[in-house]
Amino acid sequence: MRQSYHQARLFSIILAFLTISWLGCRNSGEKQADSTEEKVRIFAKEAFHTFRTDMDGSVSKQWLLSDSLSEHATIEEIEKLATINDDPIKRLIAFRALLSKYPHESVNLAISHIEDTTIVSTSDGVCGEEDRVSNIRICMLHNNRYHISEEDLVRLDSAMLYSANISKYGYSYWLYQYLPAKLKYEDRLRQIYKQDPWALVALAKYKREKDKQKIIRLFSLARDKESMNIRGTLSAALHSVVFWPDTAFKPFVQQGCQRIMNDRYGNFEVAFRVLIAYNEQWSYDMVEKALADAKQKKRDDFGYLVLNFHNAYEDNPRPLFKLLIEKYPLEK
């Protein structure tokens, strides 16, 4: 009873503040919602807003609510709202407030609730998708990584790595790329690989001979796959080779990169990254040809290709490719 009272008091304070701040223009005779819970439901609009502004350029009311919670609520009150509320969108609104005010505590909360696989709708103001609550929290933390200590980020990545649901989280795509090749992680990654082939991206960093055939098998599977999206088989194989540009993979890389360059919707950035990783004349020639052809044909995505190349070069600035950086500068 006391806990419910504190929740109601907190939402009453925040909602009253928001009503004065940005709902003051409402007709004073308009019937008010029957409860604070109903008001929050209206503000949530059934999807979690990942961007601060809506399509019309106005600040999302969800973000205003997070701002107000951060400014006026105590850490104990925010943590309660971020954990015990039945509505996952309300929990995420409160979590964003916690992240803004108490980054360290937000990491602790994300780790303690790492197995929250509740699915919610999200919106960036233009389009929407479905995602899991824990994955949304982790992405929010990494998008604000400059406010979080390196120690906390390591703790967070470790918690994700050992999560029973790691293969369900989109963040694992980034985790496998950035995770250092520490011996203590290798056995866990081999366990994950049995359910998620993308773990091979992290395993490639160890450069074990026994893993060569696994990577070659991914390339073979990719020949039977039409999809080359960011989670696709070919993309996983190429990302693995970015960290292990062995000569054994050369013919598969050449074929795979050519497939991408023949497809205007291909993942050009990973193709450029793996070609830069080889740092040889043949890989240089493939990059140069892709950029030159796109420019000559006046492809409308030429600027996008150049941006992808610059991003790949920034991650691995090999001197061999500097001439191409100068020849194809970023468009203003």
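Residues numbered from 1 in each chain as written. Predicted model: local features only at pLDDT ≥ 70, side-chain atom pairs only at ≥ 80, totals over all residues. Heavy atoms only, no water.

Novice: Can you help me understand the overall build of the protein chain in this one?
Specialist: Looking only at helices and strands, one finds 18 helices and 3 strands in the protein chain. In the protein chain, which comprises 332 residues, the proportion classed as buried is 48%. A total of about 17500 Å² of accessible surface is found on the protein chain, and carbon and sulfur atoms cover 51% of it. (Helix = DSSP H or I, 4+ residues; strand = E, 2+ residues; numbered from the N terminus. Buried < 20%, exposed > 50% of the residue type's maximum accessible area, 1.4 Å probe, protein only. Areas by Shrake-Rupley, 256 points an atom, 1.4 Å probe, with all protein chains shown as cover.)

Novice: Sorry, what's going on with the sheet that holds strand S1 (residues 48-49) here?
Specialist: What links the strands of a sheet is backbone hydrogen bonding, and the strands pair in either a parallel or an antiparallel sense. Read from one edge to the other, the open sheet built from 3 strands follows the order S1-S2-S3, with strand pairing classed as mixed. Strands at the two margins of the open sheet, each flanked by one partner only, are S1 and strand S3 (128-132). Relative to strand S2 (residues 119-123), S1 is paired through 2 bridges, and the arrangement is parallel. Within the sheet, the bridge partner assigned to His49 lies in S2 and is Ser123. Against the sheet, helix H7 (residues 133-143) contacts S1, S2 and S3, and its axis sits at roughly 100° relative to S3. (Pairing = 2+ DSSP bridges. Contact = heavy atoms within 4.5 Å. Axes fitted to C-alpha atoms, helices over the stretch in contact; angles between N-to-C directions.)

Novice: Help me understand H7, please; the structure alone is not making it clear to me.
Specialist: A turn of α-helix holds 3.6 residues, and therefore any two residues three or four places apart point the same way. Across the 11 residues that make up H7, a large majority, 9, are buried. Where H7 is concerned, the buried positions are Val133, Ser134, Asn135, Ile136, Arg137, Ile138, Met140, Leu141 and His142.

Novice: Looking at this structure, how should I read the packing of helix H15 (residues 268-278) against helix H17 (residues 302-315)?
Specialist: Relative orientation and spacing of two packed helices are given, respectively, by the angle between their axes and the distance between those axes. Between H15 and H17, the shortest axis-to-axis distance is 8 Å and the interhelical angle comes to 40°. The pairing of H15 with H17 is recorded here as oblique in orientation. The way H15 lies across H17 gives a crossing that is right-handed. On H17, the residues that touch Phe268, Glu269, Phe272, Arg273 and Ile276 of H15 are Leu305, Asn308, Phe309, Asn311, Ala312, Tyr313 and Asp315. Of the residues belonging to the contact of H15 with H17, the class tally is 7 nonpolar, 2 polar and 3 charged. (Parallel < 35°, antiparallel > 145°, perpendicular 65-115°, else oblique. Left-handed = near helix turned anticlockwise from the far one by under 90°. Nonpolar A, V, L, I, M, F, W, Y, C, P; charged D, E, K, R; others polar.)

Novice: In this structure, what is going on with unusual backbone geometry? I would like to understand it.
Specialist: Leave glycine aside and you will find that most residues have negative phi; peptide bonds, for their part, are mostly trans. In this model, Lys207 sits at a positive phi of 55°, which is unusual for a non-glycine residue. Backbone geometry places Lys298, a non-glycine residue, at a positive phi of 55°. For Lys298, the location among the structural elements is in the loop between helix H16 (281-296) and H17.

Novice: Looking at this model, I keep getting lost on the packing of aromatic side chains. Mind explaining?
Specialist: For any pair of aromatic rings, geometry is given as the distance between the ring centres together with the angle between the planes. One pass over the full model with this rule turns up 10 aromatic pairs. Here the aromatic rings of Phe302 and Tyr328 are separated by 6.2 Å at their centres, their planes lie at 70°, and the arrangement is edge-to-face. Of this pair, Phe302 sits in helix H17 while Tyr328 sits in the segment after helix H18 (322-327), placing them 26 residues apart in sequence. For the pair Phe302 and Tyr328, one class covers both residues: buried. (Phe/Tyr/Trp six-rings, centres within 6.5 Å; stacked < 30°, edge-to-face > 60°.)

Novice: Help me understand the layout of surface pockets, please; the structure alone is not making it clear to me.
Specialist: The method is simple in principle: a probe with the dimensions of a water molecule rolls over the atoms, and the space it marks as empty is what remains. Roughly 720 Å³ of internal volume is contained in the largest pocket. What lines the largest pocket is a set of 26 residues, among which Thr50, Phe51, Cys139, Met140 and Asn143 lie closest to the centre. (1 Å grid on protein atoms, 1.4 Å probe; cavity = no way out; pocket = protein on both sides within 12 Å on 5 of 7 lines; lining within 4 Å. Points joined across faces, edges and corners; volume = space filled by probe spheres on them.)

Novice: Explanation requested: the pattern of salt bridges in the structure shown.
Specialist: Here the idea is simple: oppositely charged side chains can pair when their charged atoms come close. Throughout the structure, instances matching the rule amount to 14 salt bridges. With its nearest N and O atoms 2.9 Å apart, the salt bridge here joins Glu186 to Arg208. Here Glu186 is found in helix H10 (residues 183-193), whereas its partner Arg208 is found in the loop between helix H11 (200-203) and helix H12 (212-222), with 22 residues between them in sequence. On the accessibility criterion, Arg208 (30% relative accessible area) is partly exposed. With a shortest N-O distance of 4.0 Å, Arg273 and Asp315 are connected by a salt bridge. Highlighted residues: Arg273 in helix H15 and Asp315 in helix H17, separated in sequence by 42 residues. Classification of Asp315 as exposed rests on a relative accessible area of 53%. (Salt bridge = Lys/Arg side-chain N within 4 Å of Asp/Glu carboxyl O.)

Novice: Honestly, the side chain of Asp131 in this entry has me stumped. Any pointers?
Specialist: Note on placement: Asp131 falls in strand S3. There is no salt bridge for the buried Asp131, and the closest opposite charge comes from Arg132, which lies 6.0 Å off by N-O distance. Side chain to side chain, Asp131 and Asn135 meet in a polar contact 3.1 Å long. Setting aside its immediate chain neighbours within four residues, Asp131 contacts Thr118, Ile119, Val120, Thr122 and Ile136. (Lys, Arg positive; Asp, Glu negative; His and termini not counted. Polar contact = N/O pair within 3.5 Å; in protein donor to acceptor, adjacent residues only side chain to side chain.)

Novice: What exactly am I supposed to notice about the pairing of S2 here?
Specialist: On a regular strand, one side chain projects to one face of the sheet and the next to the other, so that they alternate. Of the two faces of S2, only the one carrying Val120 and Thr122 is buried; Ile119, Ser121 and Ser123 on the other face are not. As paired elements, S2 and S3 share 5 bridges and run antiparallel to each other. Bridge pairing in S3 links Ser123 to Gly128.

Novice: Explain the packing of helix H4 (residues 75-83) against helix H5 (residues 88-101) to me, please; I cannot follow it from the model alone.
Specialist: Relative to each other, H4 and H5 sit at 145°, their axes nearing to 7 Å. Pair H4 / H5 crosses with left-handed handedness. Where H4 approaches H5, its residues Ile75, Ile78, Glu79, Leu81, Ala82 and Thr83 are matched on the opposing element by Lys90, Arg91, Ala94, Phe95, Ala97 and Leu98. Partitioning the contact of H4 with H5 into residue classes produces 8 nonpolar, 1 polar and 3 charged.

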